[in-house]
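Observations on chain architecture
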Amino acid sequence: MAERVIPLVDQRAHTLAATVPVQPVPATGLLGDALGRPLRDLRISVTDRCNFRCSYCMPKEVFDKDYPYLPHASLLTFEEITRVARQFVAHGVRKIRLTGGEPLLRKNIEVLMEQLAALRTVDGAPLDITLTTNGSLLARKASALKAAGLQRVTVSLDGLDDAVFRGMNDVDFPVTDVLAGIDAARAAGLGPVKINMVVKRGTNDHEILPMARHFKGTGMVLRFIEYMDVGATNGWRMDEVLPSAEVVQRIQAELPLVPLEHNAPGETAQRWGYADGSGEIGVISSVTQAFCGDCNRARLSTEGQLYLCLFATQGHDLRALVRGGASDADLASAIGHIWQGRSDRYSQLRSALAPDTGTGARRVEMSYIGG
Ligand code: SAM
Ligand code: SF4
Ligand code: SF4
């Protein structure tokens, strides 16, 4: 087994103060970062806890019973999340994704959903609200989430073979329960459901074709994600990455594909359609083909830190402003100012950077800032 480096520093403590700039940055919906990228997509992590221990995200050796999860008082309340989200929306955000950790573990999540669903974009339109889940609690929660205003879900599923799936989630969770969750989501009208499969060479790459066959013709969109070097605990190695080009080749050999247009600017997946018209798949090539050029995503951690990139080493402490009595205008100004200074483009620079050796600034975990 590959040597695993366990972090000695808790990266969550490394935050920058979020300050209100002297020159106000009013929310006009026209904000751009230092590279001219707009702010359109906000991902909110609602919990740092999870009932799975996927080795690429929350490996058991690190996230064990002694792991210092955030205490409840550290978490943004639903009212605080909604207030912060409202300022992001005023700056141009049109899409909100709830994530985690496992977002369905957060108690009464549907109450937050209802509050977010009431927000309107700068053009007065409803937001595009979605949620990424491991699907384990979906059968129980799908209808309540739909009633609260959730439009769509993305379910993570790394294989159909029960033994492979149990191994990947590392808590022996059966695949049938996730498939039942997907059915419940569809029945509740949370479609079109997207399915995310992280592909790890040598672990679940033999599940690519069975997954493609299973979801073809169902109206669900299966997306293959390259195993990424997020965080500092998953022992990532390039030789375990199966490039998306190879995923497409393998499917193409049996189920002919044609390239499709990109959905929208900032869209992470490259789309491919089945030549017989029976649906589409997507590939997310975060490692082999950087898509930082039009990255319009901001991430809000469970305790209110704003991260400008999935691979960031530091967040900006919005919670201190929220709890310190800042007005909405001040909060919006601070967010605008932080976004204006953003020049992050980790994936584009990855190959030029030294590997994360554990001696310098460590990247924050995905379970903390959300996928
Ligand atoms: N627990 C939920 C779930 O699994 O869907 C939401 C949070 S999870 C961090 C969000 C997404 O990130 C999931 O689709 C997961 O598969 C993906 N992910 C986590 N670690 C990853 C890694 N190292 N490389 C690629 N994708 C990863
Ligand atoms: Fe949990 Fe999702 Fe991370 Fe798996 S990928 S450990 S389900 S947060
Ligand atoms: Fe966006 Fe950072 Fe990913 Fe590039 S590496 S696409 S900037 S989140």
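Since the model is a prediction, treat every value here as computed from it, not as a measurement.

Criteria and cut-off values
Residues numbered from 1 in each chain as written. Chains lettered and ligands numbered in written order. Predicted model: local features only at pLDDT ≥ 70, side-chain atom pairs only at ≥ 80, totals over all residues. Heavy atoms only, no water. Helix = DSSP H or I, 4+ residues; strand = E, 2+ residues; numbered from the N terminus. Rg over C-alpha atoms; globule rule 2.2 N^0.38 Å. Buried < 20%, exposed > 50% of the residue type's maximum accessible area, 1.4 Å probe, protein only. Near = heavy atom within 4 Å. Polar contact = N/O pair within 3.5 Å; in protein donor to acceptor, adjacent residues only side chain to side chain. Areas by Shrake-Rupley, 256 points an atom, 1.4 Å probe, with all protein chains shown as cover. 1 Å grid on protein atoms, 1.4 Å probe; cavity = no way out; pocket = protein on both sides within 12 Å on 5 of 7 lines; lining within 4 Å. Points joined across faces, edges and corners; volume = space filled by probe spheres on them. Nonpolar A, V, L, I, M, F, W, Y, C, P; charged D, E, K, R; others polar. Salt bridge = Lys/Arg side-chain N within 4 Å of Asp/Glu carboxyl O. pLDDT = per-residue confidence, 0-100. Contact = heavy atoms within 4.5 Å.

**Side note on the overall build of the chain**
- The number of helices and strands found in the chain is 11 helices and 13 strands.
- In summary, the chain has a C-alpha radius of gyration of 20 Å against a globular reference of 21 Å for 371 residues, a match within 12%.
- Counting every position in the chain, which comprises 371 residues, the buried fraction comes to 54%.

**Observations concerning the site of ligand 1**
- Neighbouring ligand 1 are 20 residues; Tyr56, Gly101, Ser156, Met228 and Met366 lie closest to it.
- Side-chain polar atom of glutamate 102 to a nitrogen atom of ligand 1: 3.2 Å apart, as the coordinates give it.
- Within the contact set of ligand 1, a nitrogen atom lies 2.9 Å away from a backbone nitrogen or oxygen of methionine 228.
- Expressed as a share of its isolated accessible area of 540 Å², the protein-covered part of ligand 1 is 95%.
- Elements that contribute at least two residues to the shell around ligand 1 include exactly β4 (128-133), β6 (194-199) and β7 (221-226).

**Considering empty space enclosed by the protein**
- Applying the stated criterion across every chain, the model contains 1 cavity of 30 Å³ or more.
- Lining the largest cavity, in full, are Ala212, Phe215, Lys216, Gly217, Met220, Val221, Leu222, Tyr274, Ser278, Gly279, Glu280 and Ile281.
- Of all the secondary-structure elements, those providing two or more residues to the lining of the largest cavity are α6 (208-215), β7 and β10 (280-284).
- Its residues assigned to classes, the lining of the largest cavity comprises 7 nonpolar, 3 polar and 2 charged.

**A short note on the pattern of salt bridges**
- Counted under the stated rule, the structure contains 18 salt bridges.
- Arginine 83 is paired through a salt bridge with aspartate 328; the nearest N and O atoms lie 2.6 Å apart. In this pair, arginine 83 sits in helix α1 (residues 78-90) while aspartate 328 sits in helix α9 (residues 328-340), placing the two residues 245 residues apart along the sequence.
- Judged by its relative accessible area of 35%, aspartate 328 is partly exposed.
- Linked by salt bridges that have partners in common, Arg201, Asp205, Glu246 and Arg250 make up one network.

**Here we look at the confidence of the model for the chain**
- Across the chain, pLDDT averages 92, with 93% of residues at or above 70.
- Segment residues 1-8 is flagged for pLDDT under 50; beyond a separation of four residues in sequence, or across chains, it makes 17 contacts in the model.

**Section: the environment of histidine 337**
- With respect to the element layout, histidine 337 can be found in helix α9.
- According to the relative accessible area criterion, histidine 337 is partly exposed, its value standing at 39%.
- For the pair histidine 337 and glutamine 23, spaced 314 residues apart in sequence, the C-alpha separation works out to 9.1 Å.
- If sequence neighbours within four positions are ignored, histidine 337 has contacts with Pro21 and Val25.

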